[in-house]
Structure formats: C-alpha cells, structure tokens
Amino acid sequence: MLRTLAAFAAIASASAFAPASSGLPRLASSRPAACSLRMQSSPPATKIEQEVKLTKELFNKLDADGSGSIDMAELKAALGNNLSAEIQALMARGDIDGNGVIDYAEYERLMNMQRFDDAQGGNLYVRNAIKFGLLKPDSVLADCVMVGNKGFDPFNCATSMDSLKNYREAELKHGRLAMLAAAGWPVSELVQPFLSKFLGQPDLLAAGEKAPSLLNGGLDRVNPVFFMAIIVFTATIESVAFTRTRDADYIPGDLGFDPLRLYTGKSEPVKRDLELKELNNGRLAMLAITAYAYEEFLTKASVIQDTPFLFKSIL
C-alpha cells in the first residue's frame, strides 16, 4: 500500500503543474491553522515517512474533505486499514497539539523533519538560534509550528504559548503599520510639494522637504484634528480585535478583513505562505521606517534625496 501512496504522492506533485480544473475541488477552510508545541522528544520517523516524500500537493490530496487538516479516516482511506499501526504512529508524531488531526502547520513540520531530521522540528533557524545562544533550548519556540518562527528570543520574552501569541499579535500590528509608513514616508516627500502648490495650501513637510517626525520636527504644523482622527480610527480597530473570541485555534492578528478574498477560500499551503509573506514584509518595513528616521536625522536630507535611484528614476 505504501507503493500506492508513493505513486499517489508523485501524481499529486505533478498535478501542481496541471490546470486548476484538473485537481480536486477545494472548500473554504473552516479551521484556522493552529500554533502548537510539544516539548518532549518526537517518536521516531515512521515507515510512511521513510518511503513517501511529503509535499504540499500531497497534503491537498490527503485532505479529501477540504477541512484544512488530515484525520485518521483520510489517512486510512489513502493508505488502507492494513497499515493502521503506521497510521497511528504518524498521527502521534505529527499531531503535536493532540487534537486528533494533522493541520498544515503540523504537516509542514513533518516535511521539515523529513528533510532536516527531527531536532527542533526540522527548523534550521531555531536550531542555529539555540546553537548561538539566541534561544533557550527549553523555550516555547524550540519546537513551535507558528508561522515565521526563526527562534529569535534572546531575552526569553515568550514564556508560554499565550504570551507568544500576544507578542505575535503585537508584531503583526506594528508590521502592518510599518508597511503603511514605509510607503507613506517617501510618497509624502514626493507628492506633498506638488500637491500643496496645486491646491494653494502651505507645504507641511519639515525643513529640507523631509517628512514630519519626532526627529525631523514639523509635527506642530499638522492639524490636531488629523491626530484625533488617527486615535479614533486606531481605537476602533483595537476594539474589534479585543471583542473577537480567542480560542485555541485563534490566529494572532486575524481580524477577518479580506474584502478582495486574497486569503479566504484558499488552500492551507497558500494561506500559510500568505501569512509568512505578511510577517516578513512587516518585519522588513519596521527596519525600513526606523532607517528612514535615523537616515534623515543624520544626513539632514530626505530619503528621496539620499536615494534618488529608488524614487526619482521612477517618479
């Protein structure tokens, strides 16, 4: 039966390059990906893992009901009841939160363990973070399937899964704000002079045509009503976040805002990839906006003047 599954895995991989209509129909996932942790050692690799290459495409095929997770019935339907012991061993190895199913985050952990062995759930970032003293070996991040886990916690701030989710929520909020700011900062320096001239209004940029900030100054020239509007808007967003039910499956930062349906209804691998992209772009934006502020403070010139090849060649 394992040979059948191996062939099944090959077909699944090949179908990833076929037209979308050739695959199984997908249903919108009703269960968000869980973030889980198991501190004890994992059971040894099963015979299934030794003979079958785990891939994203195989997950989509095994998840026959489109629920976003693989249960015992789906594994038995693919492997056969004669491998019941191996199936149970695979479930015990993969289901690290003990809810009886393997969601995509847990499945991705199995894929990493198949590629990079079992230590730290196959996460090379975490493995190196522990090696260089950036993470304690008994940290909740040591074998955690939360998306974007790079094992960077030198001050051991995440002491539990609850605190880790709170930190991730804060990270996503700051990242989203930073992405808006990283785009808005240079755009304001490019557009404001022309816009103020066109409308016959005063130029609100700080001295040297720099964006107003604590270091650049110029915040006193901005209408206080604008700041009040920002406070009301952010308070409204925060109130929505606080009123959402936070059960065990709650995804930090998930406000249910997806008007273009870029995330809703997608397969679990695609969702996982989108979550990682948002997180990485947010982290980069936080570094970028900090660099903007210090660069302009030190050079006394605007970002668009310091890096004209990024802006003036386009606009």
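Owing to the predicted nature of the structure, the values given are computational and were not obtained by experimental measurement.

Calculation rules
Residues numbered from 1 in each chain as written. Predicted model: local features only at pLDDT ≥ 70, side-chain atom pairs only at ≥ 80, totals over all residues. Heavy atoms only, no water. Helix = DSSP H or I, 4+ residues; strand = E, 2+ residues; numbered from the N terminus. 1 Å grid on protein atoms, 1.4 Å probe; cavity = no way out; pocket = protein on both sides within 12 Å on 5 of 7 lines; lining within 4 Å. Points joined across faces, edges and corners; volume = space filled by probe spheres on them. pLDDT = per-residue confidence, 0-100. Contact = heavy atoms within 4.5 Å. Core = buried A, V, L, I, M, F, W, Y, C linked by side-chain atoms within 4.5 Å. Buried < 20%, exposed > 50% of the residue type's maximum accessible area, 1.4 Å probe, protein only. Phe/Tyr/Trp six-rings, centres within 6.5 Å; stacked < 30°, edge-to-face > 60°.

(A) Structural view of unusual backbone geometry. Unlike most non-glycine residues, glutamate 209 shows phi in positive territory, near 55 degrees. Among the structural elements, glutamate 209 can be located in the loop between helix H8 (161–199) and helix H9 (224–243). Positive phi values are uncommon outside glycine, yet lysine 300 reaches one of about 60 degrees. By the element assignment, lysine 300 lies in the loop between helix H10 (268–299) and helix H11 (303–306).

(B) Up close: the layout of surface pockets. The computed volume of the second largest pocket comes to approximately 680 Å³. If you trace the second largest pocket, you find 33 residues lining it, with Glu108, Asn112, Asn123, Arg272 and Leu276 closest to the centre. If you list the elements that add at least two residues to the lining of the second largest pocket, you get helix H6 (104–116), helix H7 (124–131) and H10.

(C) Region of interest: the confidence of the model for the protein chain. Here the protein chain shows a mean pLDDT of 84. Residues at 70 or above account for 85%. Across residues 6–40 the pLDDT falls below 50, and counting only partners more than four positions away or on other chains, this stretch makes 75 contacts in the model.

(D) Summary view of the nonpolar core. If you look at the biggest cluster of nonpolar residues, it comprises 19 residues, and the most contacted ones within it are Leu54, Leu58, Leu62, Ile70, Leu75 and Tyr107. Breaking this core down by element, the ones donating at least two residues are helix H3 (56–62), helix H4 (72–79), helix H5 (84–94) and H6. The element that contributes the greatest number of residues to this core is H6, accounting for 4 residues.

(E) Summary view of the packing of aromatic side chains. Under the definition given, this model contains 5 aromatic pairs. Ring plane angle 75 degrees and centroid distance 5.0 Å describe the contact between phenylalanine 59 and tyrosine 104, whose orientation is recorded as edge-to-face. In this pair, phenylalanine 59 sits in helix H3 while tyrosine 104 sits in helix H6, placing the two residues 45 residues apart along the sequence. Side by side, phenylalanine 59 and tyrosine 104 carry an identical accessibility label, which is buried. Here the aromatic rings of phenylalanine 59 and tyrosine 107 are separated by 5.0 Å at their centres, their planes lie at 55 degrees, and the arrangement is tilted. One end of the pair, phenylalanine 59, is in helix H3; the other, tyrosine 107, is in helix H6, with 48 residues separating them in the sequence. When sorted by exposure, phenylalanine 59 lands in the same class as tyrosine 107, which is buried.

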